[in-house]
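# Analysis of the macromolecular model
Below are the chains, spelled out letter by letter.
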Amino acid sequence: SNFQMAEDWGTHRCINWPQASVQVQRSLQFLNAHEDQPSFLLMHIMDMHLPYKEPLQYRSLFVDETPEGIDLTGYFVRHEVIRMAKKGGDKFKEYIRGRYDNNMRYLDDVLMDLFEDLGDQAPVLIFSDHGEEFWEHNEFEHGHSLYDELLKVPLVVKAPGLSGQVSSLPVSLLDVTPTTLALAGLR
(Lines give C-alpha, C1' and ligand atoms only; values in the text may rest on other atoms or scores of the structure.)
Protein backbone atom coordinates (compact mmCIF):
# COMPACT_ATOMS: atom_id res chain seq x y z
CA SER A 1 0.00 0.00 0.00
CA ASN A 2 2.96 2.35 0.45
CA PHE A 3 3.30 2.31 -3.38
CA GLN A 4 -0.46 2.87 -3.95
CA MET A 5 -0.74 -0.71 -5.20
CA ALA A 6 -3.68 -1.45 -2.87
CA GLU A 7 -6.05 0.78 -4.82
CA ASP A 8 -8.83 -0.59 -7.07
CA TRP A 9 -8.53 -4.24 -5.99
CA GLY A 10 -11.49 -6.17 -4.65
CA THR A 11 -9.21 -7.61 -1.97
CA HIS A 12 -5.69 -6.49 -1.07
CA ARG A 13 -3.58 -8.09 1.62
CA CYS A 14 0.03 -7.41 2.42
CA ILE A 15 2.36 -9.14 4.84
CA ASN A 16 5.98 -8.04 4.97
CA TRP A 17 8.40 -10.72 3.78
CA PRO A 18 6.25 -13.89 3.92
CA GLN A 19 7.83 -17.04 2.51
CA ALA A 20 6.53 -18.24 -0.84
CA SER A 21 4.79 -21.21 0.77
CA VAL A 22 2.74 -18.78 2.88
CA GLN A 23 1.86 -16.72 -0.20
CA VAL A 24 0.81 -19.83 -2.12
CA GLN A 25 -1.36 -21.01 0.79
CA ARG A 26 -3.04 -17.59 1.04
CA SER A 27 -3.56 -17.52 -2.73
CA LEU A 28 -5.18 -20.94 -2.78
CA GLN A 29 -7.46 -19.93 0.10
CA PHE A 30 -8.54 -16.85 -1.87
CA LEU A 31 -9.16 -18.85 -5.06
CA ASN A 32 -11.11 -21.54 -3.18
CA ALA A 33 -13.25 -18.88 -1.50
CA HIS A 34 -14.05 -17.40 -4.93
CA GLU A 35 -14.26 -20.55 -7.03
CA ASP A 36 -17.84 -19.73 -8.08
CA GLN A 37 -16.82 -16.46 -9.77
CA PRO A 38 -14.18 -15.21 -12.19
CA SER A 39 -11.08 -14.17 -10.25
CA PHE A 40 -7.76 -12.54 -10.93
CA LEU A 41 -4.92 -13.10 -8.49
CA LEU A 42 -1.59 -11.29 -8.39
CA MET A 43 0.86 -12.95 -6.02
CA HIS A 44 4.11 -11.12 -5.29
CA ILE A 45 6.92 -13.28 -3.93
CA MET A 46 9.93 -11.81 -2.12
CA ASP A 47 12.06 -14.93 -1.50
CA MET A 48 14.64 -13.94 -4.12
CA HIS A 49 15.48 -10.75 -2.20
CA LEU A 50 17.86 -10.28 0.67
CA PRO A 51 17.89 -11.51 3.32
CA TYR A 52 18.04 -14.96 1.73
CA LYS A 53 16.00 -17.06 4.14
CA GLU A 54 15.37 -20.33 2.33
CA PRO A 55 14.02 -23.16 4.52
CA LEU A 56 16.77 -25.21 6.18
CA GLN A 57 16.24 -28.24 3.92
CA TYR A 58 17.26 -26.02 0.97
CA ARG A 59 20.18 -24.30 2.72
CA SER A 60 22.98 -26.49 1.34
CA LEU A 61 21.70 -27.48 -2.12
CA PHE A 62 23.95 -25.12 -4.08
CA VAL A 63 26.41 -23.96 -1.43
CA ASP A 64 28.74 -25.45 1.12
CA GLU A 65 29.22 -24.13 4.62
CA THR A 66 29.55 -20.41 5.23
CA PRO A 67 33.08 -19.37 4.25
CA GLU A 68 35.53 -19.25 7.15
CA GLY A 69 35.80 -15.85 8.81
CA ILE A 70 32.34 -14.76 7.65
CA ASP A 71 29.70 -14.27 10.32
CA LEU A 72 26.16 -14.58 9.00
CA THR A 73 23.59 -15.00 11.70
CA GLY A 74 20.84 -15.85 9.19
CA TYR A 75 20.02 -12.23 8.43
CA PHE A 76 22.08 -10.02 6.17
CA VAL A 77 21.49 -6.91 4.12
CA ARG A 78 23.12 -5.41 1.02
CA HIS A 79 25.74 -3.26 2.73
CA GLU A 80 26.82 -6.23 4.87
CA VAL A 81 27.09 -8.50 1.83
CA ILE A 82 29.22 -5.90 0.02
CA ARG A 83 31.43 -5.50 3.11
CA MET A 84 31.83 -9.26 3.49
CA ALA A 85 32.55 -9.70 -0.25
CA LYS A 86 35.59 -7.46 0.15
CA LYS A 87 36.75 -9.59 3.06
CA GLY A 88 35.80 -13.01 1.70
CA GLY A 89 36.54 -12.49 -2.01
CA ASP A 90 35.44 -14.97 -4.67
CA LYS A 91 34.65 -17.72 -2.17
CA PHE A 92 32.14 -15.49 -0.43
CA LYS A 93 30.64 -14.29 -3.72
CA GLU A 94 30.17 -17.93 -4.75
CA TYR A 95 28.48 -18.55 -1.41
CA ILE A 96 26.02 -15.66 -2.01
CA ARG A 97 25.21 -16.94 -5.53
CA GLY A 98 24.57 -20.36 -4.01
CA ARG A 99 22.21 -18.93 -1.41
CA TYR A 100 20.30 -17.16 -4.20
CA ASP A 101 20.10 -20.45 -6.12
CA ASN A 102 18.87 -22.23 -2.97
CA ASN A 103 16.00 -19.73 -2.79
CA MET A 104 15.24 -20.18 -6.49
CA ARG A 105 15.02 -23.96 -6.06
CA TYR A 106 12.70 -23.52 -3.07
CA LEU A 107 10.56 -21.16 -5.12
CA ASP A 108 10.45 -23.64 -8.03
CA ASP A 109 9.21 -26.39 -5.73
CA VAL A 110 6.56 -24.20 -4.10
CA LEU A 111 5.28 -22.93 -7.45
CA MET A 112 5.09 -26.46 -8.87
CA ASP A 113 2.74 -27.33 -6.00
CA LEU A 114 0.63 -24.26 -6.84
CA PHE A 115 0.47 -25.15 -10.54
CA GLU A 116 -0.65 -28.69 -9.71
CA ASP A 117 -3.47 -27.29 -7.57
CA LEU A 118 -4.50 -24.81 -10.29
CA GLY A 119 -4.71 -27.47 -12.99
CA ASP A 120 -4.25 -27.10 -16.74
CA GLN A 121 -7.13 -24.69 -17.40
CA ALA A 122 -5.90 -21.73 -15.34
CA PRO A 123 -3.88 -19.15 -17.26
CA VAL A 124 -0.66 -18.28 -15.42
CA LEU A 125 1.86 -15.52 -16.08
CA ILE A 126 5.21 -15.50 -14.32
CA PHE A 127 7.34 -12.39 -14.50
CA SER A 128 9.95 -10.53 -12.55
CA ASP A 129 10.18 -6.82 -11.94
CA HIS A 130 13.99 -6.92 -12.01
CA GLY A 131 16.98 -9.22 -12.17
CA GLU A 132 19.99 -9.48 -9.89
CA GLU A 133 23.62 -8.62 -10.40
CA PHE A 134 26.28 -10.79 -8.80
CA TRP A 135 29.41 -8.69 -9.32
CA GLU A 136 29.31 -8.97 -13.14
CA HIS A 137 29.97 -5.20 -13.21
CA ASN A 138 31.49 -4.93 -9.73
CA GLU A 139 28.06 -4.41 -8.14
CA PHE A 140 25.64 -6.58 -6.24
CA GLU A 141 21.84 -6.87 -6.05
CA HIS A 142 19.63 -4.37 -7.93
CA GLY A 143 18.46 -0.76 -8.10
CA HIS A 144 21.80 0.83 -8.94
CA SER A 145 22.43 0.24 -12.66
CA LEU A 146 20.76 -0.72 -15.95
CA TYR A 147 22.81 -3.72 -17.08
CA ASP A 148 21.17 -6.71 -18.79
CA GLU A 149 21.43 -8.75 -15.58
CA LEU A 150 18.88 -6.38 -14.10
CA LEU A 151 16.75 -5.62 -17.16
CA LYS A 152 16.38 -8.97 -18.93
CA VAL A 153 13.80 -10.75 -16.84
CA PRO A 154 11.62 -13.80 -17.44
CA LEU A 155 8.11 -13.60 -18.82
CA VAL A 156 6.45 -17.01 -18.91
CA VAL A 157 2.87 -17.47 -20.12
CA LYS A 158 0.98 -20.75 -19.64
CA ALA A 159 -2.61 -20.95 -20.80
CA PRO A 160 -5.01 -23.38 -22.47
CA GLY A 161 -4.55 -23.30 -26.22
CA LEU A 162 -1.01 -21.95 -26.15
CA SER A 163 1.71 -24.23 -27.44
CA GLY A 164 5.13 -24.27 -25.84
CA GLN A 165 7.64 -22.02 -27.53
CA VAL A 166 10.45 -19.62 -26.79
CA SER A 167 10.33 -16.19 -28.38
CA SER A 168 13.38 -14.08 -29.10
CA LEU A 169 11.21 -11.00 -29.67
CA PRO A 170 11.62 -8.32 -27.03
CA VAL A 171 8.78 -7.96 -24.56
CA SER A 172 8.19 -5.61 -21.70
CA LEU A 173 6.40 -5.67 -18.40
CA LEU A 174 4.04 -3.27 -20.18
CA ASP A 175 2.91 -6.39 -22.09
CA VAL A 176 1.65 -8.13 -18.93
CA THR A 177 -1.66 -6.25 -18.64
CA PRO A 178 -2.79 -6.59 -22.27
CA THR A 179 -1.68 -10.23 -22.31
CA THR A 180 -3.65 -10.94 -19.14
CA LEU A 181 -6.75 -9.22 -20.52
CA ALA A 182 -6.46 -11.12 -23.83
CA LEU A 183 -6.22 -14.45 -21.98
CA ALA A 184 -9.40 -13.50 -20.10
CA GLY A 185 -11.16 -12.59 -23.36
CA LEU A 186 -11.33 -8.90 -22.41
CA ARG A 187 -10.29 -5.79 -24.33
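Scoring rules and cut-offs
Position numbers for residues start from 1 in each chain and track the written sequence from start to end. Totals for whole chains, interfaces and linings use all residues, but because this is a predicted model, local features are given only for residues with pLDDT of at least 70 and pairs of side-chain atoms are given and counted only at 80 or more. Side-chain metrics in this entry use all non-hydrogen atoms of the structure; hydrogen atoms and water are not considered. By the criteria applied, helices consist of DSSP H or I runs no shorter than four residues and strands consist of E runs no shorter than two, each listed in order from the N terminus. Note on contacts: a residue pair qualifies if any of its non-hydrogen atoms lie within 4.5 Å across the two residues. Under the counting rule used here, the positive set is Lys and Arg, the negative set is Asp and Glu, and His together with the chain ends is not counted. Positions of charges follow a simple convention, taking NZ of Lys, CZ of Arg, CG of Asp or CD of Glu. Whenever Lys or Arg places a side-chain nitrogen within 4 Å of a carboxyl oxygen from Asp or Glu, that contact is recorded as a salt bridge. When a residue's accessible area, from a 1.4 Å probe over protein chains only, is under 20% of the maximum for its type it is buried; when over 50% it is exposed; and in between it is partly exposed. When the centres of two rings from Phe, Tyr and Trp lie within 6.5 Å, Trp using its six-membered ring, the rings pair. Their planes under 30 degrees apart give stacked, over 60 give edge-to-face, and anything left gives tilted. Patch membership is restricted to residues that have no salt bridge and whose relative accessible area is over 30%. Joining uses 9 Å for like charges and 5 Å for the nonpolar side chains Val, Leu, Ile, Met, Phe, Trp and Tyr. Here the accessible surface of atoms and residues is derived via Shrake-Rupley with a 1.4 Å probe, and residues count as covered only by protein chains that are part of the display.

### Concerning the overall build of the protein chain
Looking only at helices and strands, one finds four helices and four strands in the protein chain. Starting at the N terminus, the α and β elements of the protein chain follow one another as α-α-β-β-β-α-β-α. Across its three principal axes, the protein chain shows a C-alpha extent of roughly 55 × 35 × 35 Å. For the protein chain, the share of sequence-separated contacts (at least 6 apart) that also reach a separation of at least 24 residues comes to 64%. Placing the 16 positive and 29 negative side-chain charges of the protein chain at their respective mean positions leaves the two points 5 Å apart.

### Focus on the pattern of salt bridges
In total, this model carries seven salt bridges according to the counting rule given. Here Arg99 ties to Glu54 by a salt bridge, and the two come within 2.6 Å at their closest N and O atoms. Within this pair, whereas Arg99 is found in helix α2 (residues 78-118), its partner Glu54 is found in the loop between α1 (20-33) and α2, the two being separated by 45 residues in sequence. In this pair, the class of Arg99 matches that of Glu54, namely buried. Note that Arg105 and Asp109 form a salt bridge whose closest N and O atoms lie 3.2 Å from each other. Of this pair, Arg105 and Asp109 both sit in helix α2, separated by four residues, roughly a single helical turn. Of the residues examined, Arg105 reaches a relative accessible area of 37% and is grouped as partly exposed. Taking relative accessible area as the criterion, Asp109 reaches 25% and is therefore assigned partly exposed.

### Structural notes on the packing of aromatic side chains
The way to describe two aromatic rings as a pair is by their centre distance and the angle between their planes. Tallying each qualifying case throughout the model produces seven aromatic pairs. Seen from their ring centres, Trp135 and Phe140 are 4.8 Å apart, and the 15° between their planes marks the pair as stacked. Like Phe140, Trp135 is buried. Through a chain of ring-to-ring contacts, three or more aromatic side chains come together here, namely Tyr52, Tyr100, Phe134, Trp135 and Phe140.

### Points about a nonpolar patch on the surface
Residues Phe3, Met5, Trp9, Phe40, Leu42, Phe127 and Leu173 make up a contiguous nonpolar surface patch of about 720 Å² in total accessible area. As for its position among the elements, Met5 is in the segment before α1.

### A short note on unusual backbone geometry
Of note, the bond from Leu50 into Pro51 is cis; its omega dihedral lies within 30 degrees of zero at 0°. Within the secondary structure, Pro51 sits in the loop between α1 and α2. The phi dihedral of Asn138 is positive, around 65°, even though this residue is not glycine. Residue placement: Asn138 occurs in the loop between β2 (133-134) and β3 (140-141). Among the residues examined, Asn138 registers a relative accessible area of 69% and is labelled exposed. At Glu141, a residue that is not glycine, the phi angle is positive and equals roughly 80°. We classify Glu141 as buried; its relative accessible area is 12%.

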